[in-house]
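What follows is each chain in one-letter form.
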Amino acid sequence: MSSSIFTTSKDVFLDVVNHKDYVQLDRVSTIYQSLKDSIKKPLKMILLYGKPGTGKSMFLTKLYNDLSSSQIVHLYQTPILDESEFYKTLAQDIFSIKYSGELNFTQFMKIVNKSDLGSIPVILLDEAQLYSDVLMEKIRLLSDTRTIKFVITLHKTEKEDLIAKEHFQTRIWETIELENSSPAELKIYVQKKLMKANCFDTANMFNKKSIHTVYKFTHGNYRDTNKLLYALFDLYATYEENRQISTFGTSQVPTKLIEMAAIHTGLINA
Amino acid sequence: MLDIRDLEKRWLHYKIKSYIPHAVILISLLVISGISFFIFDSSSDLQKQTNQESLKEKVSTIKETQKIVKIKPQAIAKEPQITMPLKEPSHPTKMTIEPSLSFMKNMQSATSPYYHETNNYSIPSKKKKIIKAKPVIEETQDVIVEAKEKVKEIPIEKVNKISIKRRDTKDDIAEIITRFKKNNNPALSLFVAKKYYELGEYKKSYNYALITNQINNEIEASWIIFTKSLVKLGKKKMAVRTLQTYIQNSHSSSAQLLLEEIRTGKFQ
């Protein structure tokens, strides 16, 4: 095993949202297909929700990359909290109108009504729970005009559930929930991710027991799994540098190392 | 670069912490099982002790009784060593010896004549009682024979009084009639019928024979007295018919003989 394999494997689990890192799992693929189908429907708004780390941002990124070649689609991963800035950004991205001064909702609506794009632009808003209630209400009004289609993601918490109920209950025609993976899905996720980066040896190190240990600490959350496995391969790399790798061997991932990685990432309070 | 040493220390801490609940549960289980075993063991020891004590008592009792039982053949063999169980006066199971001794007394009084010489118990008085009882039994047996083996429940006292039957006075008959009225004994009514017949009062003998028949129609003597009374009263045909009916049912030879005597005129 080359000395760089653990570093390469470590980099695979860097917590970066990149559509190339999207791992095709059966259940996730079905959800993604239903999301794509929903975009084609004449829906006012689509809500994508789930706990943090369930892959909402990855979904939006993947959707953006898949749709950008065929239709007008804009992804906003970071919320634009200023209302005027939000309208100005949309005016520029959708209608290519650069507005120098303040742009309020009424002025933006005039621009929307005057425009004739031929197809309905799709706006993907990530972390929508960070938008103010006032701005969310304006987004609702914009979606009611059916000139712009919004796909928004929300964290599934009690507070966000309330927002969803109050603002979108009557307007959202499609709601898609993302969940943590099962142990079997987690194994596929980890091995596919490693194999994508040609780390076949490290992918084979994960057996049922080690995956269950990982699942015990992460509960199938993709973000936590990425963090844990990044720390795990970091540990491997460090032991390798200290020439102590023979203590554990490379045939399978020992529970001790997974627990140490969990302690390092804070998943275990030790 | 990770601080592996620090991480390993933290991991060791974590491991110890994670094993603490298991260790606590294990230790507590061991302690509980140990305590319960100790309690069970001590209670069983106590039980064993009590059992052993009771067993010892039982064994000693059994030994005593065995000793006594062993004495029986000795007594029968007429060897004057009957006082063996009395050799241990300080024994705690004195109480159990006492009834056995009384049994011995009875046995010895009944069997061994030598016992009177070696023992101071009041056996002669008991012997007297037994001797007294014997004639009573004989008397009752005699009385039952007199009542022709059919009156089994006749009390001894009554039978004793019946034994005065040989006195042929009317007063005695009246007394028996009153007793008959009290207990409705067919033996008494039959006796009265016989007495009246002997006295020549055939109407009364006929009546008492009839009463006896009503109480028990299987008494041959009552049938015979009844028919004899009928003949004496001049009702020969009726007597013959009565006897014929009785003979058909009972095949009595004495009734047959009487019938022949009536027919031939031997009995008038």
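Residues numbered from 1 in each chain as written. Chains lettered and ligands numbered in written order. Predicted model: local features only at pLDDT ≥ 70, side-chain atom pairs only at ≥ 80, totals over all residues.

1. Let's talk about the overall build of chain B
Next up, step 1: For chain B, the helix and strand inventory stands at 11 helices and zero strands.
Next up, step 2: If you list the helices and strands of chain B from N to C, you get α-α-α-α-α-α-α-α-α-α-α.
Next up, step 3: Here chain B, with 268 residues, has 19% of them falling under the buried criterion.
Next up, step 4: Of the contacts made within chain B by residues no fewer than 6 positions apart, 42% connect residues no fewer than 24 positions apart. (Helix = DSSP H or I, 4+ residues; strand = E, 2+ residues; numbered from the N terminus. Buried ≥ 20, exposed ≤ 12 C-beta atoms within 10 Å, placed from the backbone. Contact = placed C-beta atoms within 7 Å.)

2. Considering the environment of A:Asn18
All names here are of chain A.
Next up, step 1: By secondary structure assignment, the location of asparagine 18 is in the loop between helix H1 (5-12) and helix H2 (26-40).
Next up, step 2: What makes asparagine 18 exposed here is the crowd of 11 C-beta atoms within 10 Å.
Next up, step 3: Sequence separation between asparagine 18 and lysine 62 is 44 residues; the distance between their C-alpha atoms is 7.9 Å.

3. Digging into the environment of A:Val122
Next up, step 1: Secondary-structure assignment places A:Val122 in strand E3 (residues 122-125).
Next up, step 2: Classification of A:Val122 as buried rests on a count of 21 C-beta atoms within 10 Å.

4. Side note on helix H8 (residues 202-215) of chain B
Next up, step 1: Here H8(B) contains 14 residues, and its C-alpha end-to-end distance of 20 Å stays within 8% of the 20 Å for a straight helix at 1.5 Å per residue.
Next up, step 2: Of the surrounding secondary structure, the elements contacted by the buried residues of H8(B) are helix H7 (186-199) and helix H9 (220-232) of chain B. (Expected span 1.5 Å × (residues − 1).)

5. Re the confidence of the model for chain B
All names here are of chain B.
Next up, step 1: Per-residue confidence for chain B gives a mean pLDDT of 71; residues scoring 70 or more make up 58%.
Next up, step 2: Below a pLDDT of 50 lies the segment residues 71-94, which in the model reaches 33 contacts outside its immediate sequence neighbourhood of four places, other chains included.
Next up, step 3: The ipTM value of the predicted complex is 0.76, and its pTM value is 0.54. (pLDDT = per-residue confidence, 0-100.)

6. Overview of unusual backbone geometry
Next up, step 1: Of note, A:Glu127 is a non-glycine position whose phi angle comes to about 55°, a positive value.
Next up, step 2: Here A:Glu127 shows up in the loop between E3 and helix H6 (133-144).
Next up, step 3: You can call A:Glu127 partly exposed: it has 18 C-beta atoms within 10 Å.
Next up, step 4: The backbone of B:Asn184 sits at a positive phi, close to 55°, despite the residue not being glycine.
Next up, step 5: Counting through the fold element by element, B:Asn184 comes out in the loop between helix H6 (170-183) and H7.

7. Concerning the packing of helix H10 (residues 236-250) of chain B against helix H11 (residues 253-264) of chain B
Residues and elements named next belong to chain B.
Next up, step 1: Contact geometry of H10 with H11 gives a least axis separation of 10 Å together with a crossing angle of 155°. One element, H10, and the other, H11, form an angle in the roughly antiparallel class. In this structure, the crossing between H10 and H11 has a hand that is left-handed. Facing H10, whose interface residues are Lys236, Ala239, Val240, Leu243, Gln244, Tyr246, Ile247 and Ser250, H11 presents Ala255, Gln256, Leu258, Leu259, Ile262 and Arg263.
Next up, step 2: Split into classes, the residues belonging to the contact of H10 with H11 amount to nine nonpolar, three polar and two charged. (Axes fitted to C-alpha atoms, helices over the stretch in contact; angles between N-to-C directions. Parallel < 35°, antiparallel > 145°, perpendicular 65-115°, else oblique. Left-handed = near helix turned anticlockwise from the far one by under 90°. Nonpolar A, V, L, I, M, F, W, Y, C, P; charged D, E, K, R; others polar.)

8. Concerning the nonpolar core
Next up, step 1: Counting 34 residues, the largest nonpolar core has A:Leu228, A:Leu232, A:Phe233 and A:Ala261 as the members making the most contacts within it.
Next up, step 2: Of all elements in the fold, only H1, helix H8 (183-196), helix H10 (208-218), helix H11 (222-241) and helix H12 (255-265) of chain A together with helix H1 (4-76) of chain B reach the threshold of two or more residues within this core.
Next up, step 3: Looking at this core element by element, the count peaks at 10 residues for H11(A).
Next up, step 4: Aside from chain neighbours lying at most four places away, what touches A:Leu232 is A:Val253, A:Leu257, A:Ile258 and A:Ala261.
Next up, step 5: Judged by nonpolar contacts, the second largest core, of 33 residues, contains A:Val73, A:Leu103, A:Leu142 and A:Leu154. (Core = buried A, V, L, I, M, F, W, Y, C linked by C-beta atoms within 7 Å.)

9. Topic: the packing of H1(A) against H11(A)
All names here are of chain A.
Next up, step 1: Where H1 meets H11, the closest approach of the two axes is 8 Å, and the angle between their N-to-C directions is 165°. With respect to H11, the axis of H1 lies roughly antiparallel. Between H1 and H11 the crossing geometry is left-handed. Residue-level contacts link Phe6, Thr7, Ser9 and Lys10 of H1 to Tyr230, Phe233, Asp234, Tyr236, Ala237 and Glu240 of H11.
Next up, step 2: Looking at the contact of H1 with H11, its residues break down into five nonpolar, two polar and three charged.

10. Digging into the pairing of E3(A)
Residue and element names in this part refer to chain A.
Next up, step 1: On E3, burial covers both faces: Val122 and Leu124 on one face and Ile123 and Leu125 on the other are all buried.
Next up, step 2: Where strand E2 (residues 73-76) meets E3, four bridges bridge the pair, whose relative direction is parallel. By the bridge assignment, leucine 75 is partnered in E3 with leucine 124.
Next up, step 3: As judged from the four bridges shared by E3 and strand E4 (residues 149-155), these two strands associate in the parallel manner. Counted as the bridge partner of leucine 125 is isoleucine 152 from E4.
Next up, step 4: Between E3 and its parallel partner E4, the chain crosses via H6, and the hand of that crossover is right-handed. (Pairing = 2+ DSSP bridges. Right-handed = clockwise from strand over helix to strand, strands pointing away.)

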